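Overview (structure and organization)
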Amino acid sequence: VVLDTAKKKGIRFSNTPYMNAHAVTEFTLAMITVSLARIFESIEGVKEGSRWLQTPRRSLSSLGIGFVGMGAIGTEIAQQLQKRGCKDLHYWSRTRKLELEASLNLKYSSLIRMVAEVDILCVHIAGGSETRHLIDEVVLKRANPKLMIFNMSSPGIICPVALKGYLQSNTGASCFI
């Protein structure tokens, strides 16, 4: 409806699939690395004059990583992670990707099962009525209590009320949107 109204007013829209896949992949991997190293917490500690966190962190290759959506971006990130030695890769998509499962050793799973088993969840799925609040209270109720969520898609994919409750109840969890 909004798109049709805008077009009637002469506003042009362009869809540029795949154009930004490499940049989003790089950004996602960077944010995962920064979050694992607890850089944001360290910055706050330094600003307060209290601490710089210097603790060991787990390697990406030792973590379970899940993907919601296996389009160009999810596929590119999975390929990059596989090159870095990651072996515990899971995904949920609206359609199974048997070729990707074989080539990247991906495990297809239900969304609820995947969020319970992985340490990191990368969300790279198109936003829309089909995916609005896809990750809701039912999904988050079963999620790993230390799950790190990286939603690089529409914020509407995760129900904000459910996310707030999950993060308040699981202080070891985080979400980057």
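Quantities reported herein were computed from a predicted structural model and do not represent experimental measurements. (Residues numbered from 1 in each chain as written. Predicted model: local features only at pLDDT ≥ 70, side-chain atom pairs only at ≥ 80, totals over all residues. Heavy atoms only, no water.)

1. A closer look at the packing of aromatic side chains
Inspection of every chain in the model, using the stated rule, returns three aromatic pairs. With centroids separated by 6.0 Å and ring planes inclined at 55 degrees, the aromatic side chains of Phe27 and Phe176 adopt a geometry described as tilted. Within this pair, whereas Phe27 is found in helix 2 (residues 21–36), its partner Phe176 is found in strand 6 (residues 174–176), the two being separated by 149 residues in sequence. Overall, Phe27 belongs to the partly exposed group, its relative accessible area being 40%. Using a relative accessible area of 22% as the deciding quantity, one classes Phe176 as partly exposed. Between Tyr91 and Tyr108, the aromatic rings sit 5.1 Å apart at their centres with planes inclined by 65 degrees, giving edge-to-face as the arrangement. (Phe/Tyr/Trp six-rings, centres within 6.5 Å; stacked < 30°, edge-to-face > 60°. Helix = DSSP H or I, 4+ residues; strand = E, 2+ residues; numbered from the N terminus. Buried < 20%, exposed > 50% of the residue type's maximum accessible area, 1.4 Å probe, protein only.)

2. Section: the pairing of strand 1 (residues 65–68)
Consecutive residues of a regular strand have side chains that alternate between opposite faces of the sheet. The two faces of strand 1 match: Ile65 and Phe67 on one face and Gly66 and Val68 on the other face are all buried. Sheet topology places strand 1 next to strand 2 (residues 89–92); four bridges connect them, and they run parallel. Residue Val68 lies in a different strand from strand 2, and its bridge partner there is Trp92. The handedness of the strand 1 to strand 2 crossover, carried by helix 4 (residues 72–83), is right-handed. Here strand 1 runs beside strand 4 (residues 120–123); their pairing, made up of four bridges, is parallel. Across the sheet, residue Phe67 finds its bridge partner in strand 4, namely Cys122. (Pairing = 2+ DSSP bridges. Right-handed = clockwise from strand over helix to strand, strands pointing away.)

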